[in-house]
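Examining the three-dimensional arrangement
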Amino acid sequence: LNRRAMLAGALAAPGALAACGKGPDAEIVWRLGTNLPITHPLSARMKEAAGRIYEQSGHRLFIEVYPSAQLGTDADMLAQVRAGAIQMLSISGLIMSILVPQTALSGIGFAFQDRTQLFNAMDGTLGTKIKDALAGHHLIATPKVFESGFRQITTSSRPINSPADLRGMKIRVPLGSLWTSMFRSFGAAPTSINFSEVYSALQTRVVEGQENPLAVVDTGKLYEVQRYCALTNHMWDGFWLLQNEKALNKLPGDLRDLVQIEFANAADLQRADLAVLAETLPQKMQAEGLTLNTPDRELFRQHLRNEGFYSHWRSELGEDSWRVLENYVGALA
Ligand code: X2X
């Protein structure tokens, strides 16, 4: 009866067929949550890796990917992965800083110049520092961080050319003091809203703008409810793929290795996807109706310096961590 009910459900909803086709025979089933839609390269590449792991493990391990915050908000999913209710969570390092402050290091405003500098740091000692801090909370990151990208500002009310244009702007930001402190430094009025509610918050003009990498603006169709896009590259954002430590330790050694290897491969593929999108998306966003501009980043950086933003975060994160960051990006304050 169960089988028949499942089949009927699968036939009623074509999308469910694939989900039902894989997994039921697996010895071990893990659940992985993310807030991004399946069309985003992060979710898509993680799902592919889950498929490879299922095949290569001889159907012993199936990791089911739940995109679009189906398992709850980031804060909900974080609680679930810590409790072991789910085994994996893909989450922005900057949101993660609500629990593990060191994860904010990769998102300090206007710190990184470009992707090369960034990935040197994240695949080097800065990344190690962050992974160690996560492990201290019994959350084990897969070997390579995934990319969300450099964040850009979109608005419906007016274009952003200089820091002064942000003054008084009602802007949606994710959960995390990195965002509120930076946008308050610009005199804006940041509001923390979960990603699943951003589209409607923009549509109903609860907020005038938001900030996200273009791949998120694209796959979230935020361009439908925004008019301008300032290519500020104001902070880099990446997704850690975290594993519940107890669940990981319970896996047989060969499966533990397989999971690390396949998600490291997925991160390489996903970063390459994002590199291509960084080239093509500005044009696509323009075609979708956004008016793009490229402000002078140095104006913003200078403003943050004058407001004491960098010295605040330096004392927040500690001299030792700050030195590791500055080893890669140069002096900030
Ligand atoms: O919530 C967002 O804006 C997102 C999707 O970029 C993050 O997860 C930080």
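Everything below is about the structure printed above this text.
Below or above, wherever it landed, is the structure these notes cover. In this text the structure is predicted, and so the values were computed from the model without any measurement. (Residues numbered from 1 in each chain as written. Predicted model: local features only at pLDDT ≥ 70, side-chain atom pairs only at ≥ 80, totals over all residues. Heavy atoms only, no water.)

A word on the overall build of the protein
Helix and strand counts for the protein come out as 15 helices and 12 strands. Its C-alpha atoms give the protein a radius of gyration of 20 Å, near enough to 20 Å, the size a compact globule of 333 residues would have. Seen through its C-alpha atoms, the protein measures out along the principal axes to roughly 65 × 45 × 30 Å. Scored against the burial criterion, the 333 residues of the protein give a buried share of 53%. Of all intrachain contacts in the protein linking residues separated by at least 6 positions in sequence, the fraction that spans at least 24 positions is 74%. Split by element, the accessible area of the protein, about 13900 Å² in all, is 51% carbon and sulfur. (Helix = DSSP H or I, 4+ residues; strand = E, 2+ residues; numbered from the N terminus. Rg over C-alpha atoms; globule rule 2.2 N^0.38 Å. Buried < 20%, exposed > 50% of the residue type's maximum accessible area, 1.4 Å probe, protein only. Contact = heavy atoms within 4.5 Å. Areas by Shrake-Rupley, 256 points an atom, 1.4 Å probe, with all protein chains shown as cover.)

Notes on the side chain of Asp218
When you line up the elements, Asp218 lands in helix H10 (residues 214-219). Setting aside anything within four residues of it in sequence, one finds Asp218 in contact with Tyr223, Leu281, Lys284 and Met285.

Some words on the environment of Pro101
Among the secondary structure elements, Pro101 is positioned in the loop between helix H5 (93-96) and helix H6 (115-122). The exposure class of Pro101 is partly exposed, given its relative accessible area of 43%. For the pair Pro101 and Leu178, spaced 77 residues apart in the sequence, the C-alpha separation amounts to 9.7 Å.

Some thoughts on the site of the ligand
Taken together, Asn35, Leu36, Ser92, Ile95, Arg151, Arg172, Pro174, Trp179, Phe195, Asn212, Asp237 and Phe239 are the residues near the ligand. For the ligand, an oxygen atom lies 2.8 Å from a polar atom in the side chain of Asn35. Separating an oxygen atom of the ligand from a side-chain N or O atom of Arg172 is a distance of 2.7 Å. (Near = heavy atom within 4 Å. Polar contact = N/O pair within 3.5 Å; in protein donor to acceptor, adjacent residues only side chain to side chain.)

Some remarks on helix H3 (residues 41-56)
End to end, H3 covers 22 Å across 16 residues, agreeing with the expected 22 Å (1.5 Å per residue, within 8%). Its buried side turned inward, H3 meets strand E1 (28-34), strand E2 (61-66), strand E3 (88-92), strand E5 (146-150), strand E11 (236-244) and helix H12 (253-287). Gly58 sits one or two positions beyond H3 and adopts a positive phi of about 65°. (Expected span 1.5 Å × (residues − 1).)

Purely geometric numbers; function is a separate question.
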